[in-house]
Every structure is written in structure tokens, then in C-alpha cells.
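# Architecture and fold: a report
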Amino acid sequence: MTDNFFTDNPDLQFHFDNLDLREVVEALEKGYSTQATYPAAPRNYADAMDSYRRLLNLLGEISATRIAPLAPAADEEGVRCQEGRVIYAQATEEALRVLRQAGLMGAMLPREYGGLNLPGTIFQMMVEILSRADAGLMTLFGLQEISSTIAEFAEEEDKERLLPRFARGEVSAAMVLTEPDAGSDLGSVQTRAVYDEAAGCWRLSGVKRFITNGAADVHLVLARSEEGSLDARGLSLFLVERDESVRIRRVENKLGIHASPTCEIEYRQTPARLIGKRRFGLIRYAMSMMNGARLAVAAQALGIAEAAYDEAARYAAKRTQFGTAIRDIPAVYRMLLTMRGEIEATRALLYEAGQWVDRKRAWERRLEESSEDALRPKIKQAERLLGVLTPLVKFYATEMGNRVCYQAMQVHGGTGYMREFNVERHFRDMRVTSIYEGTSQMQVVAATGGLLGHELDELFGAWQALDVDAELQPLRERLIAATAQFNLCADHLRASEEEALVGYYAVDMVEAAARLASAWLLLRDARHSERRRAVAQVYAAEALPQVQRALAALQTRDRAPLAHRLSLIAHRLSPIAYR
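Everything quoted here is computed from the prediction, not taken from an experiment. (Residues numbered from 1 in each chain as written. Predicted model: local features only at pLDDT ≥ 70, side-chain atom pairs only at ≥ 80, totals over all residues. Heavy atoms only, no water.)

## Points about unusual backbone geometry
Note on backbone geometry: most residues besides glycine have negative phi, and most peptide bonds are trans. For clarity, the threshold we go by: Only DSSP runs of H or I reaching four residues or more are called helices, and only runs of E reaching two or more are called strands; each is numbered from the N terminus.
The backbone of Tyr32 shows a phi angle near 60°, a positive value even though the residue is not glycine. Structurally, Tyr32 is set in the loop between helix H2 (22–28) and helix H3 (45–67). Residues other than glycine seldom take positive phi values, yet Asn213 does so here, at roughly 60°. Tracing the sequence through the fold places Asn213 in the loop between strand E5 (201–212) and strand E6 (218–224).

## Re the layout of surface pockets
Note the following rule: Cavities and pockets are defined on a 1 Å grid built over the protein atoms alone: a cavity is a set of grid points where a 1.4 Å probe fits but cannot escape, while a pocket is an open set with protein on both sides within 12 Å along at least five of seven lines, and lining residues are those with an atom within 4 Å of any such point. Grid points are joined across faces, edges and corners, and a volume is the space filled by probe spheres set on the points. Following the grouping adopted for this structure description, the nonpolar residues are Ala, Val, Leu, Ile, Met, Phe, Trp, Tyr, Cys and Pro, the charged ones are Asp, Glu, Lys and Arg, and the polar ones are all others, Gly among them.
The volume enclosed by the second largest pocket comes to roughly 380 Å³. Around the second largest pocket, the lining is made up of 19 residues, and of these Tyr88, Leu96, Ser172, Ala215 and Asp217 lie nearest the centre. Elements supplying a minimum of two residues to the lining of the second largest pocket: strand E2 (85–87) and helix H5 (90–101). For the lining of the second largest pocket, the class distribution of residues is 9 nonpolar, 4 polar and 6 charged.

## Some words on the pattern of salt bridges
The test is simple: Here, a salt bridge means any side-chain nitrogen of Lys or Arg that lies within 4 Å of a carboxyl oxygen of Asp or Glu. For every residue, the accessible area (1.4 Å probe, protein chains only) is compared with the maximum for its type, and the residue is labelled buried under 20%, exposed over 50%, or partly exposed between those bounds.
This structure, assessed with the given rule, holds 55 salt bridges. Arg111 is the partner of Glu29 in a salt bridge, and the nearest nitrogen-oxygen pair spans 2.8 Å. In this pair, Glu29 is assigned in the loop between H2 and H3 and Arg111 in the loop between H5 and helix H6 (120–133), connecting sequence segments 82 residues apart. Classification of Glu29 by relative accessible area gives buried; the value is 2%. Put simply, Glu179 and Lys208 hold a salt bridge, and the shortest N to O gap is 3.0 Å. Here Glu179 is found in the loop between strand E3 (173–176) and strand E4 (192–196), whereas its partner Lys208 is found in strand E5, with 29 residues between them in sequence. We note that Glu179, like Lys208, is buried. Here the salt bridges do not stand alone but share partners, grouping Asp11, Glu128, Glu306, Arg340, Glu344, Arg347, Arg531 and Arg532 into one network.

## What to know about the packing of helix H1 (residues 10–17) against H6
To be explicit about the condition: Only the stretch in contact is used when fitting a helix axis, every axis being a line fitted to C-alpha atoms; angles between N-to-C directions are given from 0 to 180 degrees. The cut-offs work like this: below 35 degrees is roughly parallel, past 145 is roughly antiparallel, 65 to 115 is roughly perpendicular, and the gaps in between are oblique. Contact between two residues is taken to exist if any of their heavy atoms lie within 4.5 Å; hydrogens are not considered.
At a closest axis distance of 12 Å, the pairing of H1 and H6 adopts a crossing angle of 175°. As judged from the angle between their axes, H1 and H6 are roughly antiparallel. When H1 is examined against H6, the residues Leu12, His15 and Phe16 are found in contact with a partner set consisting of Ile122, Met125, Glu128 and Ile129. Across the contact of H1 with H6, the residue classes tally to 5 nonpolar, 1 polar and 1 charged.

The structure is reproduced here in C-alpha cells:
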């Protein structure tokens, strides 16, 4: 086994080495002017990147040597609810203690509150590394990012009281949105918020369901503050510090991520403080949190996939059948090659999106401090791109992860189905990633408008202008042709007057877009080394035929599924229907 989940991953190190965060770090570090106040602050960009590398190296070592060995026990024991109190597995408590002692909490909080002041892209790398060790623990660590919402939008009193405790790992957080009758449709949330004049605070009443880390000390709760409202415009976001008025009704008995408590919560006239402005709860604050969470879940899926691949590659090397290691059997090494290509394609797509998030935040900070009108179009550009890239990454990373875990178990054969093998746990843990923080189907809906509106054209154009050598030129030409065909198919779909037809075939468009974008990114990176050239070519061999199949569906737009859907998916069919 490896002793470091960062240094043993050359692909992750490649992406770290090739990050373009100069503007981002300069904005975060206020022009490198704060070292007198904060000795840990970097002197310049090279100093900052060196600090980030050391931090990832530390987490990589802890994840490999301390946390990963604890993961099977945390999964086996899980969490339990006892008289309204959630109790973590002993292994989970130990892992959290290790992270706190290492000073790795409060990753994105500003230094003034004791945080590490990291760019989001570095935090996503941390999430990937930790998820490779224990996917359930990642939700407890990853939700620390919620503290960034408090840092950005809460009252100064709340920041000063809570944020240093987040940075020290003394308190935990939960994003409390979902209700029994408001899952994906958050605009219909019914938890009520009423202002108590006598007490000078808001009071929440209602039930929330499927809340990850719902036993946390601090909740950010989406609730209906405007009496008589029925849609998202009546919702606000509230800060709750859990007390006796917050009742944990149950902890869900889940398929996977057993170290993470998923709770049903009842608020009974719970005191709360407003975050930001009334009526902006969903459309601004919750959406901002969810977009960050979606990239974190994509990083989680990537980490689990890397762990599953490691198990499969190691098993295939030592397992012999028919007188040879099974990794030398074409049907097996095809699975391993497919897994490797998809993992590295996803990593390229995730960290491309992550850098755009960081740039947008940096430009917004600069705009707050100056009147640089040139920043406004840059921010708008980033918003348009992220409106597509965020759901695209969440969709592709989590669907990819499920495919990889399926194949990793298949490589193991019958042994992989047994609880004694880690791949069984990875298979279970992965499944939720394409469900929570917005199902894959919701990501398709979110990405469709931007893809129909050609919002990725600027990126596609930049990638098509890449200068490549003669060996890579045929791949570049195939990608140019596929991109042109994709745009044509998107135009044909947009021209359709039947909304249901667009919705039905949107998944084919999103599938094609994700694979095209990933292939372009791998081609861009192929110019750096022979190994990266091989990855780009192997991925294209698998991905481009799948892109063509998706585009064929878009071109055909067969109406038969829509015409027969009611008769074929009815709950019961009469015997006559089968004659």
C-alpha cells in the first residue's frame, strides 16, 4: 500500500503543477501585504504554491496512513441515534481528531478567523484526497465549506463568534434544505420562519429530511419567511445553532457512506438569525452553497473512483487465471484502461471548472475594492461558463464514478462482492454521489439551457486553436469535427417546438458535451509528456464513439419513446395490452 495519496498520484500532481491561480492568490492574499499580521501568509505566488503543496502532502500522508486504515471500521460501526443524540463511530471520531490536530479544518476561511485562506481548487484537491481514504468522512470535512457562506453573508457578530471555532474544528456544519415534499423542488419548501419581536430573533418550525451531517452544531436552514408566498421568492436562509428545540428524529439506514449521519430533523420554534437579505435564500445563498457542494461531490466521486481503480489494478496484477495474471487478458485490461482514462478525464474537467470558480471570486473581490469596469464582462463570462460547467462536472464525475466502481468490482469477480474487500465499500459509497446535491437528471436540466445557447463555444474555440504536433493532429481534427457536429445537433434540438422532446434527448447532449470537453482538455495536456499523450489517445478511443452515439440520438430525435411512454410505463397493464 502507498503511504501518501498525493505524492503517489502523478495525475493529481500534474494538475497542481499546472494550475493558473496567480490572480486568485493575489486577491486572496490582498497583494501579499498581510505577512506582518499573519506570519503564515505567503510572500509571493511561488511561496503560496509551495505552502499548498506542503498542505496537500500532509493530507495525503494522513489520508493514506491514518484515515484509510480506519475506514472499514467506520463503515462497519456506522452512526447511531440515541435519545436524539447522534453518535459517530469510534474510528470516525479518531479520524476527525487527526484532522483537527493537523490543523486542516477551516480550509477556505480567511486568516483573520484562523482559517487557511485556500483557493477553492486546492480545497477540491483536499476533498479528492480525503474521499479516496474514506468517502463518509469526507462529508463531515467537506461541509466545513459552509462556513464560507457565513464568512461572506452573515452578521459580523456571528462571524466573530463562530468562524474561529470552525477553523479549530470545534464545530461542524450542515446545509439544511431538503424536506419530505421538497426534494429537488426546493422552491416549494414549507418550513416556516416567523419573526419573534419580543425575543428579537426568527423562529423556525418544520421538518427537514435527508440532511447530511444533520447532527452538526451549526445549521444553515432554508425556510419560508414571507407569509402567503408559494415560490422561491418567499424563501430566506437562516443560521441555527443547534439547541434543545432542534430534534433529530432519526438517522437514516443507508446503503453507503456509513460514517456520515443522514438525519431527519424537526425544528420546534427554533431561534435563528437571518443570513443576508430576506427573499434571497434560495436564488442566491442556497444556490451558491449548492454549486460549491456539487463540485465537492464531484471531487468526492473522483476520490472514490481512484480508490476503486487502485483496488482493481492491484487485484488484477496478482490474480492469475489460465496461467496468467488477469490484467493481461484483453477483456480485463480494457476495463482497466477505460477506468484510467475516465478518471483522468474527469480530473481535468473538475479542476478546469474549479479554476473558473476561483477566478470569478477573485474578480468579484477586486470589483468590490475598485471600480474596474473591465472586470464586469469577465465576471459575466465566468458566470455563463459555470452555469454549464458546474452541472456538467457534477453529472459526469458521479456517473463516471459509478461506472468505475462497477468495473472495479467486475475485475474482482466474485471476491469483489464480498464485504472483506474494500471495493465492495467503494461500490456502495459511490452510489449516492449521483443522487445527493442534485441528481444527475437535475444536472442535465441545469446544463441544457447553456449548452443550447452555445455557452461553451469560447472554451471550444480556445481548445481548437491549440498548437499540437503531427502525432496529435489526427486527434485534434477528429475533435474539431465532433465539436462542429455537436453544435449542429444542439441547434437542431433547440429548434424543436416540442419541450418534451428537448427534455428527453437533453441527456444525450450533456453526455456528448462532457466527453467532448474532457477529450479536449486531455489533448491540451497531452503536449506535456508521452504518458499524457497516451491517456488522451486511449480516452478518445473510448469516448469519441460514445459521443457519436449520443449525437446520432440527437440527430434522429425519434418520437417513439414519447408516443408510447404512457402505455409502456403504466403501473399495471391489462392482459389485452400484451396480445
